[in-house]
Each structure stands twice: as C-alpha cells, then as structure tokens.
Amino acid sequence: MGNKSSLILRPEDIREIQEETGFTPNQIERLFSRFTSLDRGDCGTLSREDFLRIPELAINPICDRIVHAFFIDSHDDRVNFRQFMNVLARFRPPKANKIKLNSREDKLRFAFKMYDLDDDDVISREELVSILQMMVGENIEQDQLMSIVERTIVEADRSGSGSITFDDFCTALSRTDVERKLSIIFLS
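Residues numbered from 1 in each chain as written. Predicted model: local features only at pLDDT ≥ 70, side-chain atom pairs only at ≥ 80, totals over all residues. Heavy atoms only, no water.

### Things to note about the packing of helix H1 (residues 11-21) against helix H2 (residues 25-38)
Here comes step 1: Taken N-terminus to C-terminus, the directions of H1 and H2 make an angle of 110°; their axes are 10 Å apart at the nearest point. As summarised for this structure, H1 and H2 are arranged roughly perpendicular, according to the angle between their axes. From H1, Ile14, Ile17 and Gln18 reach across to H2, where they touch Pro25, Ile28 and Glu29.
Here comes step 2: Its residues placed into classes, the contact of H1 with H2 shows four nonpolar, one polar and one charged. (Axes fitted to C-alpha atoms, helices over the stretch in contact; angles between N-to-C directions. Helix = DSSP H or I, 4+ residues; strand = E, 2+ residues; numbered from the N terminus. Parallel < 35°, antiparallel > 145°, perpendicular 65-115°, else oblique. Contact = heavy atoms within 4.5 Å. Nonpolar A, V, L, I, M, F, W, Y, C, P; charged D, E, K, R; others polar.)

Take a look at the structure:
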C-alpha cells in the first residue's frame, strides 16, 4: 500500500487492519474511501497539506499538533493508509477486544505528545504556554495564562523537575475519563 498500483484495499489488508485497530470491515472501507479522497496525488499516501485541506481540522486551534500526531511514526513526511488507521484507532472507544492502540495508556501517551512540542518526553513551561496560547488565542491576558501554567506545573510536577513527565501527566489525569474524552464514534 504505497504506490498507484496498490490503491486497492484487498481482503487480507482489511483483515490485518481489523486485527490491529479493532475497526470493522465496513468502517475500514469507509475510512479508506475518505483516505483516497484526501490523497490528491493518487500516490497512496497523505502529506501534511492533504490533512490541512480538511475544513473541520483546519479550524481547530491545535490543528498543527493534531496533524503532527499522524506523522510521529512516519519516516518520510508521508502517511500510508495503515499508519492513518493506527492513529484513528486511538480515538476508538475502548471495547472488550482490548486493542492496545485505544487503551487508556495509549490514549494518554497520544495526548501527552500533543503537548510535548519538542518530543523530549517532558512538557516544559514553554511548551505548556505555547499550547495554551494556541487553544485560547488572544482571549486571555498573558499574566492569567502564566498563572495557569505555573499552577498546572506545581500541581502536576510530582518529581520536582519543573516540567511534566509522562508519569506526572498520567497521575494528574488519573480521575479523568480519558477513554471517553478521547473517543470518537465511527459510523459502521
């Protein structure tokens, strides 16, 4: 699945993707149709620009971070259908089938990466400021923003490092229904 000759979704591809992601065959086919409609170059992969043409995504204040998430496992700034599906699987509600991609830990790791702008496995004050500025824009005074950042760091930083580690992040969200908040219902 990566060049013009492989733009057909074969039954074995559907089975493998279903096992990896937990999506039903019908959902996979629907998402494949959406994927191919976004693939303007008919090359079997999507670029960042392809994602940015999605109107619902383009208006999201953290659009760049969401798009970045699709490329975390990409080595060439292109995303194939399987990579696309693996990212979308993180947004599936957890089911009894226990697909790792939509486990609580994986959803938390995914959310953590949204804040970890430099991919160094910690969320610094500067990263938290940047993300919050993306989210609230000019709707908050700088001193209020800094107060929120400082309070968040103080409350979440269990290790005393002045930043938020993944463990700190998980502890801070321990009472949050991450499974529900980071889930999308996909049509069958």
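Now that the structure is up, let's keep going.
### Regarding the packing of H2 against helix H6 (residues 81-89)
Here comes step 1: Between H2 and H6, the shortest axis-to-axis distance is 11 Å and the interhelical angle comes to 120°. Here H2 lies oblique to H6, going by the angle between them. Once H2 is placed against H6, the crossing between them reads as right-handed. Of the residues in H6, those touching H2 at Ile28, Leu31, Phe32 and Phe35 are Phe81, Phe84, Met85 and Leu88. (Left-handed = near helix turned anticlockwise from the far one by under 90°.)

### Digging into unusual backbone geometry
Here comes step 1: Its identity is not glycine, yet Asp42 carries a phi of approximately 50°, on the positive side.
Here comes step 2: Residue placement: Asp42 occurs in the loop between H2 and strand S1 (45-46).
Here comes step 3: The backbone phi angle of Asp77 is positive, close to 60°, even though this residue is not glycine.
Here comes step 4: Of note, Asp77 is situated in the loop between helix H5 (63-70) and strand S2 (79-80).

### Things to note about the packing of aromatic side chains
Both the distance between ring centres and the angle between the ring planes are used here to describe each pair of aromatic rings.
Here comes step 1: Inspection of the entire model under this criterion finds 13 aromatic pairs.
Here comes step 2: Taken together, a centroid distance of 5.0 Å and an interplanar angle of 85° make the contact between Phe32 and Phe81 edge-to-face. Of this pair, Phe32 sits in helix H2 while Phe81 is found in helix H6, placing the two residues 49 residues apart along the sequence.
Here comes step 3: Under the relative-accessibility criterion, Phe32 is labelled buried at 12%.
Here comes step 4: Residue classification places Phe81 among the buried residues on the basis of a relative accessible area of 1%.
Here comes step 5: Among the aromatic side chains, those forming a connected cluster through ring pairs are Phe32, Phe35, Phe51, Phe70, Phe71, Phe81 and Phe84.
Here comes step 6: Over the ring of Phe71 we find Arg48, and its NZ or CZ is 4.4 Å from the ring centre.
Here comes step 7: When the ring centre of Phe166 is taken as origin, the NZ or CZ atom of Arg109, which lies over that ring, is 3.5 Å away. (Phe/Tyr/Trp six-rings, centres within 6.5 Å; stacked < 30°, edge-to-face > 60°. Buried < 20%, exposed > 50% of the residue type's maximum accessible area, 1.4 Å probe, protein only. Lys NZ or Arg CZ within 6 Å of the ring centre and 35° of its normal.)

### Quick word on the layout of surface pockets
Here comes step 1: Counted as a void, the largest pocket has a volume near 1200 Å³.
Here comes step 2: Forming the boundary of the largest pocket are 39 residues, of which Ile66, Phe91, Phe110, Met114 and Leu182 lie nearest the centre.
Here comes step 3: Where the lining of the largest pocket is concerned, the elements lending two or more residues are H2, H5, H6, helix H7 (104-115), helix H8 (125-136), helix H9 (142-156), helix H10 (166-172) and helix H11 (178-181).
Here comes step 4: Class assignment of the residues belonging to the lining of the largest pocket gives a composition of 31 nonpolar, three polar and five charged.
Here comes step 5: Looking at the second largest pocket, its volume works out to about 200 Å³.
Here comes step 6: In this structure, the second largest pocket is lined by Ala69, Phe70, Ile72, Asp73, Gln83, Asn86, Val87, Arg90, Asp106, Arg109, Phe110 and Lys113.
Here comes step 7: Mapped onto the lining of the second largest pocket, the elements with two or more residues apiece are H5, H6 and H7.
Here comes step 8: Among the elements that line the lining of the second largest pocket, the one with the most residues is H7, at four residues. (1 Å grid on protein atoms, 1.4 Å probe; cavity = no way out; pocket = protein on both sides within 12 Å on 5 of 7 lines; lining within 4 Å. Points joined across faces, edges and corners; volume = space filled by probe spheres on them.)

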